[in-house]
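Fold and contact review
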Amino acid sequence: MALDILVLYGSYRSHRMGIRLADYLIGGFEALGHRAELVDAKAVDLPMLDLRHSDYPPGQAPGAMAKLAQRLSAADAFVFVAGEYNRGLQPGLKNLVDHYLTEFDRRPAGIASYSAGRFAGVNSHAAWTVTLNAMGMVVIPERLSVGQIGDTLDEAATPQGPAGAALERGFKAFAESLTFWAEAAKARR
Ligand SMILES: Cc1cc2nc3c(=O)[nH]c(=O)nc-3n(C[C@H](O)[C@H](O)[C@H](O)COP(=O)(O)O)c2cc1C
């Protein structure tokens, strides 16, 4: 079954590296026959949270916020590309996510964390697991953890060396689990 998968990423930095992992994941899911699309918090650029989407009267939310609400609601599964700042979440993606709630409900989510160093964003993985569960998503146990992101994926998001090969192996199990739960949740919804 072809699924509709959104890959969410939220660094606002000029020379951001996590976009490589987002691109890799989109390519990977497309190669499996799914529709995969990037939700780039920097491009959507919602304001710092004031009113959530659901706080607006019907039809009065700002255009970009309303458009994203529809897009999230239509998705079968989410992948969160989780960078780590000071052992916590990246604020750009957290700000985007906080604008919504029901749009994420009853769908599986996978977390792909990364960092410049050896620890692969494990703290942000843990933090996102708590947050996504609280918002009604079921977080799959398989995780992608990419250390030394700049060496593991080149600018074209092509895996490099032994760490790149490990990413490719991990992606298979990650994708198999996410699509299993996405199909199950879709059938039940
Ligand atoms: C403000 C800031 C805080 C950071 N804190 C951490 C950290 O706690 N743990 C870590 O592994 N890397 C940390 N890093 C390094 C990031 O892993 C690295 O810069 C990564 O490329 C950030 O993602 P981005 O390029 O997509 O913005 C930090 C980087 C910045 C800019």
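Scroll up for the structure.
Conventions used here
Residues numbered from 1 in each chain as written. Predicted model: local features only at pLDDT ≥ 70, side-chain atom pairs only at ≥ 80, totals over all residues. Heavy atoms only, no water. Core = buried A, V, L, I, M, F, W, Y, C linked by side-chain atoms within 4.5 Å. Buried < 20%, exposed > 50% of the residue type's maximum accessible area, 1.4 Å probe, protein only. Helix = DSSP H or I, 4+ residues; strand = E, 2+ residues; numbered from the N terminus. Contact = heavy atoms within 4.5 Å. Near = heavy atom within 4 Å. Polar contact = N/O pair within 3.5 Å; in protein donor to acceptor, adjacent residues only side chain to side chain. Nonpolar A, V, L, I, M, F, W, Y, C, P; charged D, E, K, R; others polar.

To continue, consider the nonpolar core. Ranked by size, the top nonpolar core spans 29 residues in total, and within it Leu21, Tyr24, Leu25, Phe29, Val79, Val81 and Phe171 carry the most contacts. Looking at this core, the elements that each hand over two or more residues are β1 (4-9), α1 (18-31), β3 (77-82), β4 (108-114), β6 (144-146) and α7 (161-188). At seven residues, the largest contribution of residues to this core is made by α1. When near neighbours in sequence (up to four residues on either side) are disregarded, tyrosine 24 contacts Leu153, Ala157, Pro159, Leu167, Glu168 and Phe171.

All right, on to the site of the ligand then. As a matter of local geometry, the ligand sits amid 14 residues, with Tyr9, Ser11, Met17, Arg87 and Tyr114 nearest to it. Interatomic distance of 2.8 Å between a backbone N/O atom of asparagine 86 and a nitrogen atom of the ligand. One of the backbone N or O atoms of alanine 116 is found 3.0 Å from an oxygen atom in the ligand. Broken down by class, the residue content of the shell around the ligand amounts to five nonpolar, five polar and four charged.

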